[in-house]
Amino acid sequence: MSTSTLRQQQPKSAFRSILPHEPLDFHKYDDNGYIHLQGAFEPRKKSKSVDDNGPSDNPPPTFLWKTSAKLQQALLMTLKDDYQRFQLPFPVQSIEVVDPSPPYTKVRLQYSTPEQAFRIHTVWRILQLSPHDLLFSNLHTPNEGNHDAPSISTHPCQVTMITSKPLPCNDDSTCWSRSNPPKFRRLLHDHNDQEERSLTRFVYVTGLVNVDLAKQQFTDENENNWFQEDHFSMLQALRDVFGRDVEIFLPSKKKVVPSDDHSQSPSFDMQSCHLGFRSPQVAQRVVETLQGQTVHWEHPTASSFPSITSSPLFLDYVTITQKSRAKQRARDSGTNLEKGEPSRPECTSSTNDITVPGLLVIEDYVTGEQENILMAILTGPQAPWAPQQRNKSQTGSVKRKVQHYGYVFDYQTADVLRDRTITSLSSEGNPANCPPLPAVTGAAPAIDEDTLMDSLIQQGKGWDVLAHLIEKTRHYPFPVPGEESATRTTFYPDINQLTVNQYKPGEGIGSHVDTASAFGDGLISICLNSGIVMEFRKVGSGDVGPPIKKLVYLPPRSLVVMSGPARYEWEHQIVTRRTDTHNGVVLPRGLRVSLTLRTALALDGTPLPRVESNLFPPSWEVPEVQAKKNALMTPDTERDHVHAVYDAIATQWHHTRGKRGVLWPEATQFLQALPKGSVVADVGCGDGKYFPAIWEAGSIVIGTDISRPLLVTSYQADFGDKVADTRKVSPHRQDLQTRPAVAVGDCMSVPFRSKSFDAAICIAVMHHLSTRERRIRCIEELVRIVKPGGRINVQAWAMEQEQESRRRFAAKDVFVPFNAQPKYLEKVSAGQSSHAMPSESDAASKSVAELYSEAYENSDYDEQKGLVIFHRYCHLYHAGEMEEIVRQVAGVRIIASGYESGNHFVILEVMDCDVTVSTT
Ligand SMILES: O=C(O)CCC(=O)C(=O)O
Ligand SMILES: [Fe+2]
């Protein structure tokens, strides 16, 4: 077989962001300079207003840049031909739209040198150019003033400087390649640190800002501009004084400002940082020259800003801690230090001369959009994870998570469980039943497969997309590897089993040949979200002589087929590592999800019957799940991914969202239209965001919510100056806000008497209910507590989001991440000892985010950003869906419905049921 059949390539987006602390050593970057622009480049038609008869049948959005070439052309016109009009110092050389299809969100700009790209990206941050600025004049507008004229996002694009060059290689004392900076230790005079002082190239510096002076010089606004974009300007200013090739490690946590001093802003708190110089000699020179000196930091681009004056600087030598050093060494060799796994520093390029007969990689087998929606369903709230993950397999314990469809593969016996009727436990813990394979619905459609897939994606129908992908794979003409002319093809029409594997960075699969009696020839694996290096080893090689190995990079969205020798005579494995090295480039692994499609065999070697269903999501019930059928019992998904999350994030939620007090105009209008003195129930009131609006409308509110910590914030609210107008009440109502009436309660069984309210609102609650029965029940409860003639306003998130909104939902049932800052979590846990907080010994070896994430079940963490990530369950409503739910409830009519700011709403009127009953 020729190596060309193995279509291995450099991964498509080999570009990486230049890290903030990295020295700006332009010679080490590419010859050209690159930046990424991120924004909503896709124009949208202005939406028509929704009338009271319910939402209109809005057609799916049409994309105005039909191809990326069109957008590219339009951008070239502004950034190349007309760049001076935008006050940009250089013309762009070329532009590449990174997304393969609309909606386009990411664009790569090439400038002639890295210096140019750096200047441009600095200027861009000041100019805050948006897609509207760049593209509006290029949009075709047939009639001036036409309401259908397309509009385009006015949000400033995000800019990042990028390079295709890997991070500089490390020696023991260099940390340039670390995306999470090391920890430092001061070198003491009265210690055995004298020798280290002369050897270290790291320095601690403090006194960066003379706060007293700064307070006199700065207005709030220009101070914010100075420190915008996370200290970006400050980083540049420091480089002007300490040199371009200095590493700058800014403090990761901003100190908390004493709350009684509102005049002091947090930015001036940046007093100190760590610096890494080229060599100990440079470090010494800087310490000697700048010790005790006062310096001025000039703003990098806007000379109109005052410069910042430092206090007399204090500099001292530091060194990286032993632990950081060891961690770094481990990371460089691709090892996960904590888990003590073996180091595998091999590189794919070293095996170029070896071929694996029968191995075929097809790149871009799935599109980016398909990948998104598949990720959303397979890692989302409806994903049927199998319990096998806790068991030992023949090749070690299965740490990664798996889902099986069609038939279960039992890792203990390394065999397929053929009798699906065994719902009890077959071999030590594994039920043989599992969800059926998703099947395509109905007859073959008249439209082509791609159009059909696009329309399914638009509708958020991820399980149908999976079904179509499986069906496509059954009929795909795979070129027979090794045939010189690619004329001969083969098919795998009997595929009847899917295994979904989810690998976190650092997880893998041991070396194995898939059991020959369990599965037929042709093992197919589709790779989603993150690429990976798969290692193939010729069976028996290595017993005598060196092992024959081939390392193959599988890019995201690719498909790999193992047939013939590759299937039976070579083992495959994914080594447990956090990075892969491919053609000399270190690629950090992300979360990888693979779809392994196989033909499970009966004992006589023929394919087992296909077990499939077009009822989605694929249902699969183990006995304990069946026992929980009562719709009123909180499903695990809501308990773990709604209730627990809001309890944990209450403080931050109130601080960052509630206080801002952004209310939906439609809901405010509803409240204002109520007769004065109305008694209003706010079901799912959270931190009482709507209370002030209700009081201002002259009504009385009683709130209920299932999250006690959130309710607590509603009456412990700190209504300082920073509270938005929508959250302020006039002085004569101020008394109310310190003592609102609230009760903990479940919206499945609202803790209020029937017919006791004049009105009710239920805002942003229904999208957290995970079954149809529970959504209907919630409406029933609202109708029950409101008097006949009273009104109800219900709002929930819509599947359809506006073009310029950052919010996009890939599927109808999703996990939406909430990034929590540990400082807020601490407050919640202080009063409740249920979350085990870090012990001293843990605290030394783990990041704060990791420690907190361990304390909160079902959370992840982002070490780089220092955030704990919670996953909130959400069900997104289609236009008309809410109305359909309401129609299942007696005694209520819909008087209005519509769409506003990413939400669907309905306004209901409770009917006089007693009258209805008496007349029949
Ligand atoms: O994750 C993959 O791509 C391979 C999985 C695999 O080899 C298996 O499940 O047998
Ligand atoms: Fe396998």
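This is a predicted model, so every value here is computed, not measured.

(A) Main features of the site of ligand 1. Close to ligand 1 lie 13 residues, the nearest being Tyr503, Ser525, His572, Arg592 and Ser594. Between an oxygen atom of ligand 1 and a side-chain N or O atom of Ser525, the distance comes to 2.7 Å. The separation between an oxygen atom of ligand 1 and a polar side-chain atom of His572 is 2.9 Å. Relative to its unbound accessible area of 290 Å², ligand 1 is 96% covered by the protein chains. Going through the elements one at a time, strand S24 (497-503), strand S25 (509-512), strand S30 (570-574) and strand S33 (592-598) are the ones with two or more residues in the shell around ligand 1. With four residues, the top contributor of residues to the shell around ligand 1 is S33.

(B) Quick peek at the pairing of strand S39 (residues 786-797). Sheet topology note: the strand S38 (residues 757-763)/S39 ladder contains six bridges and is parallel. Each residue of the ladder has a partner; that of Ile763, found in S39, is Gln795. Following the chain from S38 across helix H20 (residues 772-785) to the adjacent parallel S39, one finds a crossover that is right-handed. The pairing of S39 with strand S44 (residues 903-910) spans seven bridges and is classified as antiparallel. What sits directly across from Trp797, in S44, is Asn903.

(C) Just the coordination of the iron ion (ligand 2), in detail. Summarising the metal site, the iron ion (ligand 2) is bound by the protein donors His512 (NE2), Asp514 (OD) and His572 (NE2), whose distances to it range over 2.1 to 2.2 Å. Donor residues for the iron ion (ligand 2), ordered by position in the chain, follow H-x1-D-x57-H. The residues His512 and Asp514 share a single accessibility class, namely buried.

(D) The arrangement of the pattern of salt bridges in detail. All told, the structure shown has 25 salt bridges when counted by the stated rule. For Asp415, the salt bridge is made with Arg418, and the minimal N-O distance between the two is 3.2 Å. Of the residues examined, Arg418 reaches a relative accessible area of 22% and is grouped as partly exposed. Each of the salt bridges in this network shares a partner with another, and the network as a whole consists of Arg186, Arg197 and Asp316.

Cut-offs and rules
Residues numbered from 1 in each chain as written. Chains lettered and ligands numbered in written order. Predicted model: local features only at pLDDT ≥ 70, side-chain atom pairs only at ≥ 80, totals over all residues. Heavy atoms only, no water. Near = heavy atom within 4 Å. Polar contact = N/O pair within 3.5 Å; in protein donor to acceptor, adjacent residues only side chain to side chain. Areas by Shrake-Rupley, 256 points an atom, 1.4 Å probe, with all protein chains shown as cover. Helix = DSSP H or I, 4+ residues; strand = E, 2+ residues; numbered from the N terminus. Pairing = 2+ DSSP bridges. Right-handed = clockwise from strand over helix to strand, strands pointing away. Donors = N, O, S within 2.8 Å, 3.2 Å for Na, K, Ca; no water. Buried < 20%, exposed > 50% of the residue type's maximum accessible area, 1.4 Å probe, protein only. Salt bridge = Lys/Arg side-chain N within 4 Å of Asp/Glu carboxyl O.

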